Amino acid sequence: MRVLVTGVAGFIGYSLATQLLARGDTVIGIDIVNDYYDVRLKEARLARLVDQGGDRFRFHRIDFADYPALTAALADEKFERIIHLGAQAGVRYSIENPHAYVTANLVGHLNLLEVGRHRGAEHMVYASSSSVYGGNTKLPFSVEDRVDHPMSLYAATKKADELMSETYAHLYRLPLTGLRFFTVYGPWGRPDMMMWLFTKAITEGKPIQVFNHGDMYRDFTFIDDIIAGVIASLDNPPPDDGAVKAGGSVKPHRLYNIGNHKSEHLLKVIDILEAELGRKAERIMMDMQPGDVRQSFADIDAIAGDLGYRPTTSIDVGVPKFVEWYRAYNGG
Ligand SMILES: NC(=O)c1ccc[n+]([C@@H]2O[C@H](COP(=O)([O-])OP(=O)(O)OC[C@H]3O[C@@H](n4cnc5c(N)ncnc54)[C@H](O)[C@@H]3O)[C@@H](O)[C@H]2O)c1
């Protein structure tokens with residue numbers, strides 16, 4: 001299969017492309033390689049994909065919010081399916097730089113829907129986020145719950161992406177699957193996220209900032225479990241049969257949570273990191289950050305029932321794997 005993957009230099013895009021290449025697919029990758037975090041990490045991921053994929057990995061360094069540039073880059077490319085993972089991620093940065101989110105996540109998402117429509121894609125899988133659940137207190141979060149009260153602009157753009165997708169499934173019968181990811185971590189992960197920030201600080205003997213005084217819970221999901229769910233989704237386009245799909249659409253549009261179905265206390269994760277790194281963290285207790293939510297917890301019944309998704313990696317196994325990779329990447 002030939003798959004267009006956006007955000008291919010990013011954490012999830014890179015990890016997915018590796019698995020697609022391993023099973024023999026051709027990957028057409030897009031990424032602007034922006035400097036939201038260390039560009040050297042993105043370049044290192046790309047270099048590995050070039051090595052692994054040979055002529056089955058093709059890369060376009062473009063801004064997908066620029067529609068003429070996007071269509072020009074894809075004019076000579078052939079692909080059957082799309083996985084749209086590129087975005088401006090991060091809850092906290094959306095407070096500082098709201099416009100980046102509108103450009104990448106709203107204009108960019110529309111552009112990929114247009115590509116899917118005009119190129120007759122068999123299926124487009126796209127990234128949403130657990131942040132759409134906002135401050136919902138009914139746990140675990142289910143795709144059947146209302147999500148009308150986002151706590152950050154980032155969350156609002158992801159919810160808007162789901163709504164725009166619904167219209168394309170309705171008007172053009174473009175098969176779409178939206179995946180709400182829950183705090184993904186693992187090798188080749190993101191330097192702006194808690195797991196990396198804490199690992200770096202503890203390793204360097206620097207203090208860590210513990211928000212909401214540690215009273216936080218996250219459904220941490222290991223990257224390999226996420227990729228298994230993304231590939232299962234890619235391989236199963238929603239049928240256009242009028243039946244009610246996960247998330248409530250009667251169009252060819254499904255919404256799934258991909259989490260671990262375990263909501264872990266932040267302090268437990270810090271304990272595991274301290275044990276792995278062999279040093280105690282200096283914890284600076286902080287108030288809740290604007291835009292953040294106290295807890296995330298994924299109900300994964302929909303994706304488990306439809307696609308057989310079964311996450312297998314607990315934080316006791318996944319955190320040490322991340323630490324091992326972090327040490328190797330940073331020179332041991
Ligand atoms: N990692 C998580 O825990 C998590 C949780 C919820 C949702 N998500 C979503 O999953 C997707 C992938 O996340 P990730 O963790 O791999 O993030 P990432 O930041 O590592 O990757 C995103 C990539 O998109 C690229 N990009 C951004 N704007 C672009 C543009 N205009 N044109 C071309 N490329 C552009 C960036 O350069 C980056 O390499 C995102 O949509 C994110 O919002 C991730």
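Residues numbered from 1 in each chain as written. Predicted model: local features only at pLDDT ≥ 70, side-chain atom pairs only at ≥ 80, totals over all residues. Heavy atoms only, no water.

### Considering the nonpolar core
Where we set the bar: Nine residue types can take part in a nonpolar core, namely buried Ala, Val, Leu, Ile, Met, Phe, Trp, Tyr and Cys, and a core is a set of them joined through side-chain atoms within 4.5 Å. Here's how the labels work: a residue is buried when its accessible area is under 20% of the maximum for its type, exposed when over 50%, partly exposed in between, all with a 1.4 Å probe on protein chains only. Only heavy atoms matter for contacts: two residues are in contact if any of them lie within 4.5 Å across the pair.
The biggest cluster of nonpolar side chains holds 95 residues, and the ones touching the most others in it are Leu4, Ile12, Leu16, Phe181, Met195 and Leu273. Residues in contact with Ile12, not counting those within four places in the same chain, are Leu85, Phe181, Val184, Ile223, Ile226 and Ile227.

### With respect to the sheet that holds strand β11 (residues 253–258)
Definition in use: Pairing between strands requires that DSSP locate at least two bridges from one strand to the other. The way it works is that DSSP assigns letters per residue, a run of H or I at least four long becomes a helix, a run of E at least two long becomes a strand, and they are numbered from the N terminus. With axes taken as lines fitted to C-alpha atoms, and helix axes fitted only over the stretch in contact, angles between N-to-C directions fall between 0 and 180 degrees.
An order of β3-β2-β1-β4-β5-β6-β11 is seen for the 7 strands of this open sheet, with the pairing classed as parallel. Bordering the open sheet on either side are β3 (57–60) and β11, each of which pairs with just one other strand. Averaged over all pairs of adjacent strands, the angle between strand axes in this sheet comes to 20°, irrespective of strand direction. Pairing of strand β4 (residues 81–84) with strand β5 (residues 123–129), which is carried by 4 bridges, proceeds in the parallel orientation. Bridged to His84 within β5 is Tyr126. Against the sheet, helix α6 (residues 153–171) makes contact with β5, β6 (176–181) and β11, and its axis sits at roughly 155° relative to β5, the strand it touches most.

### Examining the packing of aromatic side chains
The condition that has to hold: The aromatic pairing rule takes the rings of Phe, Tyr and Trp, using the six-membered ring of Trp, and pairs them if the centres are within 6.5 Å, calling planes under 30 degrees apart stacked, those over 60 edge-to-face and the rest tilted. Charges are assigned to positions over rings by a cutoff of 6 Å between ring centre and Lys NZ or Arg CZ, combined with an angular limit of 35 degrees from the ring normal.
The final tally for this structure, using the stated rule, is 21 aromatic pairs. Centre to centre, the rings of Tyr133 and Phe141 are 4.6 Å apart; their planes meet at 20°, and the pair counts as stacked. Here Tyr133 and Phe141 have matching classes, each one buried. Through successive ring pairs, a cluster of aromatic residues spans Tyr14, Trp188, Trp196, Phe322, Trp325, Tyr326 and Tyr329. Positioned above the aromatic ring of Tyr37, the side-chain terminus of Lys42 is 4.6 Å from the ring centre.

### Points about the confidence of the model for the chain
Close reading of the predicted structure is inappropriate where its pLDDT is low. Which entries qualify depends on this criterion: What pLDDT expresses is the predictor's confidence in each residue, scored from 0 to 100.
The pLDDT averaged across the chain works out to 97; a share of 100% of its residues lies at or above 70. Put simply, helix α4 (residues 93–96) is where the chain has its lowest mean pLDDT, 92, and strand β1 (residues 2–6) is where it has its highest, 99.

### Observations concerning the side chain of Asp219
Defined as follows: For the purpose of charge, His is not counted, nor are the chain termini; Lys and Arg are scored as positive and Asp and Glu as negative. A pairing counts as a salt bridge when a side-chain nitrogen of Lys or Arg comes within 4 Å of a carboxyl oxygen of Asp or Glu. Polar contacts, as counted here, are pairs of nitrogen or oxygen atoms within 3.5 Å of one another; within protein the pair requires one atom able to donate a hydrogen and one able to accept it, and residues that are adjacent in sequence qualify only if both atoms are side-chain atoms.
Within the fold, Asp219 resides in the loop between β9 (217–218) and β10 (221–222). As a buried residue without a salt bridge, Asp219 has its nearest oppositely charged side chain in Lys262, at a separation of 8.6 Å. Of the polar contacts made by the side chain of Asp219, one reaches the backbone nitrogen of His261; its length is 3.2 Å. A polar contact of 3.3 Å, which involves the side chain of Asp219, links it to the backbone nitrogen of Lys262. If we skip the residues at most four places from it in the chain, Asp219 touches Phe182, Thr183, Gly259, Asn260, His261, Lys262, Ser263, Ser296, Phe297 and Ala298.

### Side note on the site of the ligand
Heads up, the rule is: A cutoff of 4 Å decides nearness: a residue is near a molecule or strand if any of its heavy atoms lies inside that distance of it. Exposure was quantified through the Shrake-Rupley algorithm and a 1.4 Å probe, taking into account, for residues, occlusion by the shown protein chains and nothing else. Residues are grouped as follows: Ala, Val, Leu, Ile, Met, Phe, Trp, Tyr, Cys and Pro are nonpolar; Asp, Glu, Lys and Arg are charged; all remaining types, including Gly, are polar.
Around the ligand lies a shell of 29 residues, among which Asp31, Tyr37, Asp63, Tyr154 and Val184 are the nearest. Contact distances for the ligand include 2.6 Å between an oxygen atom and a side-chain N or O atom of Asp31. In this structure, an oxygen atom belonging to the ligand sits 3.0 Å away from a main-chain N or O atom of Leu85. Surface burial for the ligand is 96%, taken as the share of its 820 Å² of free accessible area covered by protein chains. Among the elements of the structure, α1 (11–22), β5 and α6 are those that each provide at least two residues to the shell around the ligand. With 3 residues, the single largest contributor to the shell around the ligand is β5. For the shell around the ligand, the per-class residue count stands at 17 nonpolar, 7 polar and 5 charged.

### Points about the packing of helix α3 (residues 67–74) against helix α5 (residues 98–118)
Threshold: Convention used here: angles under 35 degrees read as roughly parallel, angles over 145 as roughly antiparallel, angles from 65 to 115 as roughly perpendicular, and any remaining angle as oblique. Left-handed describes a crossing whose near helix is turned anticlockwise from the far helix by less than a right angle; the clockwise case is right-handed.
For the pair α3 and α5, interaxial distance at closest approach is 10 Å and the crossing angle is 40°. By the angle class used here, α3 and α5 are oblique. As for the relative orientation of α3 and α5, their crossing is right-handed in sense. Touching Tyr67, Leu70 and Leu74 of α3 are Asn111, Leu112, Glu114, Val115 and His118, all from α5. A per-class count over the contact of α3 with α5 returns 5 nonpolar, 2 polar and 1 charged.

### Some points on α3
Short version of the rule: Note: the arc covers the axis-to-C-beta directions of the helix.
Among the residues making up α3, those that are buried are Leu70, Ala73 and Leu74. The arc that holds every buried residue of α3, seen down its axis, measures 90°, which confines them to one face. Those residues of α3 that are exposed and angled more than 90 degrees off the buried face are Pro68 and Ala72.

### What to know about helix α9 (residues 266–277)
In plain terms, the rule: What a helix is expected to span follows from its residue count: subtract one and scale by 1.5 Å.
When the terminal C-alpha atoms of α9 are compared, their 17 Å separation across 12 residues agrees well with the 16 Å that a helix rising 1.5 Å per residue should span. The set of residues buried in α9 consists of Leu266, Val269, Ile270, Ile272, Leu273, Glu274 and Leu277. Buried residues in α9 make contact with α7 (194–203), β8 (208–210), β12 (264–265), β13 (283–285) and α11 (315–329). Gly278 sits one or two positions beyond α9 and adopts a positive phi of about 70°.

### Quick look at the packing of α7 against α11
In helix packing, the relevant descriptors are the interaxial angle and the interaxial distance, both defined with respect to the helix axes. It is the contact of α7 with α11, at a shortest axis distance of 11 Å, that shows an interaxial angle of 60°. Judged by the angle between their axes, α7 and α11 are oblique. Crossing handedness for the pair α7 and α11: right-handed. Facing Met195, Trp196, Thr199, Lys200 and Thr203 of α7, the residues of α11 in contact are Val319, Phe322, Val323, Trp325, Tyr326 and Tyr329. Taken together, the residues of the contact of α7 with α11 break down into 8 nonpolar, 2 polar and 1 charged.

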